[in-house]
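Listed here are the chains, written in short residue letters.
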Amino acid sequence: MTTQPETVRRAYFRGMRAAVPFIVILVPFALLFGVVATEAGLSIAQVMGFAVLVIAGASQFTAVQLLNENAPAVLVLLASLAVNLRMAMYSAALTPEVGAAPLRIRALMAYVMVDQVYVMAQNEYDARPKAPVPNKVAFYLGSASLVIVPWYVFTWVGAVSGQQIPPEFALDFALPIVFIAMIAPALRTRAHIAAAGTSVVFSLLFAGLPSGLGLLLAGILAMHVGARLEARQKPKP
């Protein structure tokens, strides 16, 4: 009995199902950004423009914080770009899997790329390396649709009703939980664990550096440690 190949439609909806657990965390995260951005003096239209055009929570929070401190526009842009440099690494990692997709599709995938979508896609491609490129793209876009739409909606809710959300709700708990939920399942090898540990140690050591520079340096060092350890563990030909 032969198994029917998965259709593009099924791959898309499977991607949506994979993203369901992240909604629980994304909702308070988006609400928090809406609240913080309006408290920093942005209008609702500016908040939504920010959310729709950037779609990068960490860099959005960085930019809003610097704007609130009256930092120069150049510094705001450079800091936001530094925080988002990880997206370039994500893109490079996914290129072997979906690089054959049409340019317009890859542009759409780049627009909706966020940490959660990347992690789900990478796990999917590791589990189904021989899946056709259209199915890989469909899974990616399916998971993205269930992440991006709530981000838009609840950012707006936070911007409109932020003052009515009690401080006791502590919405800022969402950010660390998001990254714990993404990273913990991926710590499968010594190289992964070493990279994670390195990033934690050096993030703390570099915590005094300005504008997220410490996190950037810690991330570079962590990638170097993980790559070196993984290279040592591979059997020599």
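Our subject is the structure listed above.
The text that follows walks through the structure, step by step, so that each part is easy to find. (Residues numbered from 1 in each chain as written. Predicted model: local features only at pLDDT ≥ 70, side-chain atom pairs only at ≥ 80, totals over all residues. Heavy atoms only, no water.)

**Quick look at the packing of aromatic side chains**
All told, the structure shown has six aromatic pairs when counted by the stated rule. Taking the centre distance of 6.2 Å and the plane angle of 25 degrees together, the rings of F33 and W151 count as stacked. Taken together, the positions of F33 in helix α1 (residues 8-39) and W151 in helix α8 (residues 133-161) put the pair 118 residues apart, joining distant regions of the chain. Their ring planes at 5 degrees and their centres at 4.1 Å tell us that Y90 and Y118 sit as a pair that is stacked. Here Y118 lies in helix α7 (residues 115-127) and Y90 lies in helix α5 (residues 86-98), a separation of 28 residues in the sequence. (Phe/Tyr/Trp six-rings, centres within 6.5 Å; stacked < 30°, edge-to-face > 60°. Helix = DSSP H or I, 4+ residues; strand = E, 2+ residues; numbered from the N terminus.)

**Concerning the pattern of salt bridges**
When their charged atoms lie close together, side chains carrying opposite charge are able to pair. Inspection of the entire model under this criterion finds five salt bridges. Between R14 and E6 there is a salt bridge whose closest N-O contact spans 2.7 Å. For E6, a relative accessible area of 26% corresponds to the partly exposed category. A salt bridge links E124 to R14; the shortest N-O distance between them is 2.7 Å. (Salt bridge = Lys/Arg side-chain N within 4 Å of Asp/Glu carboxyl O. Buried < 20%, exposed > 50% of the residue type's maximum accessible area, 1.4 Å probe, protein only.)

**Details of the layout of surface pockets**
Each pocket or cavity is described by its volume, and for the second largest pocket that value is around 300 Å³. S91, R106, M109, A110 and M113 are the residues nearest the centre of the second largest pocket, which is lined by 16 residues in total. In terms of residue count, the dominant contributor to the lining of the second largest pocket is α5 (five residues). Per-class residue counts for the lining of the second largest pocket are eleven nonpolar, four polar and one charged. (1 Å grid on protein atoms, 1.4 Å probe; cavity = no way out; pocket = protein on both sides within 12 Å on 5 of 7 lines; lining within 4 Å. Points joined across faces, edges and corners; volume = space filled by probe spheres on them. Nonpolar A, V, L, I, M, F, W, Y, C, P; charged D, E, K, R; others polar.)

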